[in-house]
Amino acid sequence: MPRTGAAGNREEALVFPPPGLGLFAAVPDFSLWLVTRSGIFRRLAYTWYLTRQGQIMLRNTDPGGYFLYHSIGLYPGKEADMAAAMADFSAVWSAPDDRQWGYVLRKRQDFCQAWGRLINAPKGSVTHVDNVTEALHRLVRAMPEGWLKGRTVLVGEDCFPSLHFLLAGLAPKIGFTLKTVPRSPGKAWVETEDFIAAWDREVALALLTWVTSTASARMDYPAMVAHGRDMGSLMVADITQAAGLLPFDVMAPKIDFVISTSLKWLCGTPGAGVLYADKALIPELQPEIRGWFSQNNPFSWDLDKFAYAPDIRRFDTGTPGSVAAIASLPALRWFTAQDQGAIAARNRAMVDRIIARADAMDLPLLSPRKADRRGGACMLRMPDKAEAAALVGALGVEGYSVDCRGDILRLSPGIVTDDAAIDAVFDIAQQVMQRRRARFAGRGAAPAGADRPAAVLDNLGAGLLSGGIRIVDCTAPLGPRTPLLRLPEDMAKNTPPVTIHKISEYDADGPFFAWNWLKLGEHSGTHFDAPHHWLTGRDFADGYTDTLDVQRLIAPVNVIDCSAQAAADPDFLLTAEAVKAWEARHGAINPGEWVVMRTDWDRRMHDAELFLNPDPDPNEDGSHSPGPSPDCIDYLLGRGIVGWGTQCVGTDAGMAGAFSPPYPAHNYLHRDNCFGLASLCNLDQLPPKGAILIVPPLKIEKGTGSPLRVLALVPEG
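All of these numbers come straight from a predicted model, not from anything done at the bench. (Residues numbered from 1 in each chain as written. Predicted model: local features only at pLDDT ≥ 70, side-chain atom pairs only at ≥ 80, totals over all residues. Heavy atoms only, no water.)

Brief notes about the overall build of the chain
Counting its secondary structure elements, the chain contains 17 helices and 27 strands. Put simply, the chain has 717 residues, and 53% of those count as buried. Taking contacts inside the chain between residues at least 6 apart in sequence as the whole, the part at least 24 apart equals 72%. When the accessible surface of the chain is split by element, carbon and sulfur atoms take 56% of a total near 31,500 Å². (Helix = DSSP H or I, 4+ residues; strand = E, 2+ residues; numbered from the N terminus. Buried < 20%, exposed > 50% of the residue type's maximum accessible area, 1.4 Å probe, protein only. Contact = heavy atoms within 4.5 Å. Areas by Shrake-Rupley, 256 points an atom, 1.4 Å probe, with all protein chains shown as cover.)

Below, the structure written as structure tokens:
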């Protein structure tokens, strides 16, 4: 199954595997040159390999479009360095001797020392923890009771949310008051002067967020530390969002505690966090969790003579988990050998370019404009969260890795990012947003030479009467034998079978008429999925079957024929690259149009087991039926479609519950206020382009979907 992750490291299935290739794991890397829609030439590096299902896959290994340094981080040679480090660890850990612990503990110490050099921390003041939340928890719980009880802990509203969750939970247990400084008026961050204004002598501990994750805003760190000293407060600095990009020195000005991660600009791995404590304070700290490594001599087994180690090792507990530290060590060594000033200067220039392009598109900036007041990321406000998510997906398909949080688009250019990628990202963004604005019926541009609307309807009527336009019924019969979706019993209730109850048939219950009453689900048989069907579409006022815009229900349809592939592989996935290849043959998919996937799966409808094709393993949640890959839906939403349809029981592939994210068609379509069609029939009677699809659902009050009669208008001849 294709897996789609960050766009700079995405994987795509080939539609037609090259003939003559046997089973293999991988072949040498190769490169392709392409021209983006913005006219920029771009080199893409690929690796071939084969999946367990026998599909040839491509893995894009070109990092030039990478803008995710606020998340994970890349540096040249990262994959090879990590692979070598993990291979070395594997060899030592698997050897039939007793060298393992000496090797592992030495590497863990190397990790701590590398961090010490990075932030100028004395020996014995830095230790490894899983993450910043754990670091802060260990620190706060180690403080003597009188340090915090009855006093105030001060944080900014723009702190890392996980740390606020932690402190809010600890406040009633320890007895301190948590005071949160709100964001400054008109800003997405807390200004230094506003934080200082809230900081009085009652503050026992202040959490200083050096650079915020929400806006990449950089505090006036020296001013805050100086004020904290005047107030007699302890201070812990969270340097996560700029460590490795901006220089940080625990001695200038001197800080009490530091917490951070090796992710983001340092390009390490999850689970490789650090805790620093001023050596003068360490003797007074008594960590709540202690174990054999908390002692000066870990091999001291006298149960009555436990004593904390004199340095930061007292924060170690039992047997240390060290793999993340070992995996992150190559990145730390690489960074300590670089010119951080040059890295930061290049980042500032690229972010300035991002801001200029955003201004030209009238995208509001949520980060500081001045370089000395920000970190390395740039946050932009999109029109809404659906637009942000759709743009992230569309850029990902083209090989550009950005992300969003709600309606905030986040871009962090760094070491491997190409300068030209900035213009490419914004050129693509502009085109995608223009297409998406035109996707709602009635907003598109009229084609050149189009007849007046009345003439169009006259011609349509004449075509229908003459037979020049044929009506194709794309609907399955609806009755007790209609196959319905089956969900795991421990997950959700299932739709009951369709039941037809007779009211009368020219008899005593109705002498002149015959009629029935029905019991059926909204999503039974050939049916319509409205946005409110899925969690991601719940906020659209026009997302129910009784509130949607009916102008969108009649639109041109693009039919992508995957019947041969689906016959060969019931788990076949349609990818973005396959859709692009289809467009090259048949023409572009335009805003406001339908896209349906022809698989001829409707030929299985006579047998529910054959149609649903459940996995025989009772421990597997899912079935084997074709559908779209996540990047396919990303691409189509970037094209501005009105909706997506399939001939299977649902709009997703049968095993889509295991995708990332699960059920991408449902997840992405309804997040975008788009529609879904399932259990379609007779798509083999439709041309690739040129037909019109008519899909009005029943006007059910607050309806999330509806069975419907899907009709297609097809030109004859």
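Now that the structure has been shown, we can carry on.
What to know about the pairing of strand β27 (residues 711-715)
Within a regular strand, side chains alternate between the sheet's two faces. Relative to β27, strand β15 (residues 469-473) runs antiparallel, the two sharing 5 bridges. In the strand pairing of β27, D473 is matched with L711. (Pairing = 2+ DSSP bridges.)

A look at the environment of D339
Tracing the backbone shows D339 in the loop between α8 (323-336) and α9 (340-360). C-alpha separation for the pair D339 and L245, spaced 94 residues apart in sequence, amounts to 9.9 Å. Looking at D339, its side chain comes within polar contact range of the main-chain nitrogen of G341, at 3.0 Å. (Polar contact = N/O pair within 3.5 Å; in protein donor to acceptor, adjacent residues only side chain to side chain.)

Some points on the packing of helix α11 (residues 420-437) against helix α16 (residues 630-639)
At a minimum axis distance of 7 Å, the contact between α11 and α16 shows a crossing angle of 70 degrees. What the angle tells us is that α11 and α16 run roughly perpendicular. In this structure, α11 uses V432, R435 and R436 to contact α16, whose residues at the interface are L637, G638 and R639. Classifying every residue of the contact of α11 with α16 gives 2 nonpolar, 1 polar and 3 charged. (Axes fitted to C-alpha atoms, helices over the stretch in contact; angles between N-to-C directions. Parallel < 35°, antiparallel > 145°, perpendicular 65-115°, else oblique. Nonpolar A, V, L, I, M, F, W, Y, C, P; charged D, E, K, R; others polar.)

Brief notes about the nonpolar core
One finds W115, I119, W199, L208 and I255 to be the most contacted residues of the largest nonpolar core, which totals 55 residues. Among the elements of the structure, α2 (100-119), β8 (203-209), α7 (221-231), β9 (234-238), β11 (273-277), α8 and α9 are those that each provide at least two residues to this core. No other element matches α8, which puts 7 residues into this core. Sequence-distant contacts of L208, defined by excluding residues within four places in its chain, comprise F195, W199, M219, Y221, M224, V225, M235, V236, A237, D238 and I255. Grouped together as the second largest cluster of nonpolar side chains are 34 residues, W147, L166, L167 and L281 included. (Core = buried A, V, L, I, M, F, W, Y, C linked by side-chain atoms within 4.5 Å.)

Description of the confidence of the model for the chain
Detail in the predicted coordinates should be disregarded across regions flagged by low pLDDT. Taken over all residues, the pLDDT of the chain has a mean of 90, while the share at 70 or more is 90%. Below pLDDT 50 for its whole length, residues 1-59 participates in 149 contacts with residues either more than four positions away or in separate chains. (pLDDT = per-residue confidence, 0-100.)

A closer look at helix α5 (residues 161-174)
With 14 residues, α5 extends 20 Å between its outermost C-alpha atoms, agreeing within 8% with the 20 Å of an ideal straight helix rising 1.5 Å per residue. The positive-phi residue at the C-terminal boundary of α5 is G175, with phi of around 100 degrees. (Expected span 1.5 Å × (residues − 1).)

Brief notes about the pattern of salt bridges
Tallying each qualifying case throughout the model produces 36 salt bridges. Among the salt bridges present, the one from E387 reaches R436, with a minimum N-O distance of 2.9 Å. Of this pair, E387 sits in helix α10 (residues 385-397) while R436 sits in helix α11, placing them 49 residues apart in sequence. As far as burial versus exposure is concerned, E387 and R436 are alike and both buried. Where salt bridges share partners, they join D561, R598, D600, R603 and D684 into one cluster. (Salt bridge = Lys/Arg side-chain N within 4 Å of Asp/Glu carboxyl O.)

Structural notes on helix α17 (residues 664-671)
Most of α17 sits inside the fold, with 8 of its 8 residues counted as buried. Residues P664, A665, H666, N667, Y668, L669, H670 and R671 constitute the buried set of α17. Packed against the buried residues of α17 are α10, β18 (527-529), β22 (627-628), α16, β23 (643-646) and β24 (675-678). In the segment just after α17, N673 is the residue with positive phi, at about 60 degrees.

Here's the deal with the pairing of β8
Most of β8 is tucked away, with 7 of its 7 residues classed as buried. Of the pairings in the sheet, the one linking strand β6 (residues 152-156) to β8 comprises 3 bridges and is parallel in character. Within the sheet, the bridge partner assigned to T152 lies in β8 and is V203. Sheet topology places β8 next to β9; 5 bridges connect them, and they run parallel. If you follow L205 over to β9, its bridge partner there is L234. Regarding the hand of the β-α-β motif, the stretch spanning β8, α7 and β9 is right-handed. (Right-handed = clockwise from strand over helix to strand, strands pointing away.)

Brief notes about the sheet that holds β18
Pairing within the open sheet is mixed, and its 9 strands lie in the order β15-β27-β25-β19-β21-β23-β24-β18-β26. Of all the strands in the sheet, just β15 and β26 (705-707) have a single pairing partner and so form its edges. On average, each strand axis in the sheet is inclined to that of its neighbour by 25 degrees, with strand direction left out of account. Bridge count between strand β25 (residues 691-694) and β27: 3 bridges; the pairing is antiparallel. Paired with I692 across the two strands is L713, which belongs to β27. Running at roughly 75 degrees to β15, helix α12 (residues 453-466) makes contact with β15 and β27 of the sheet.

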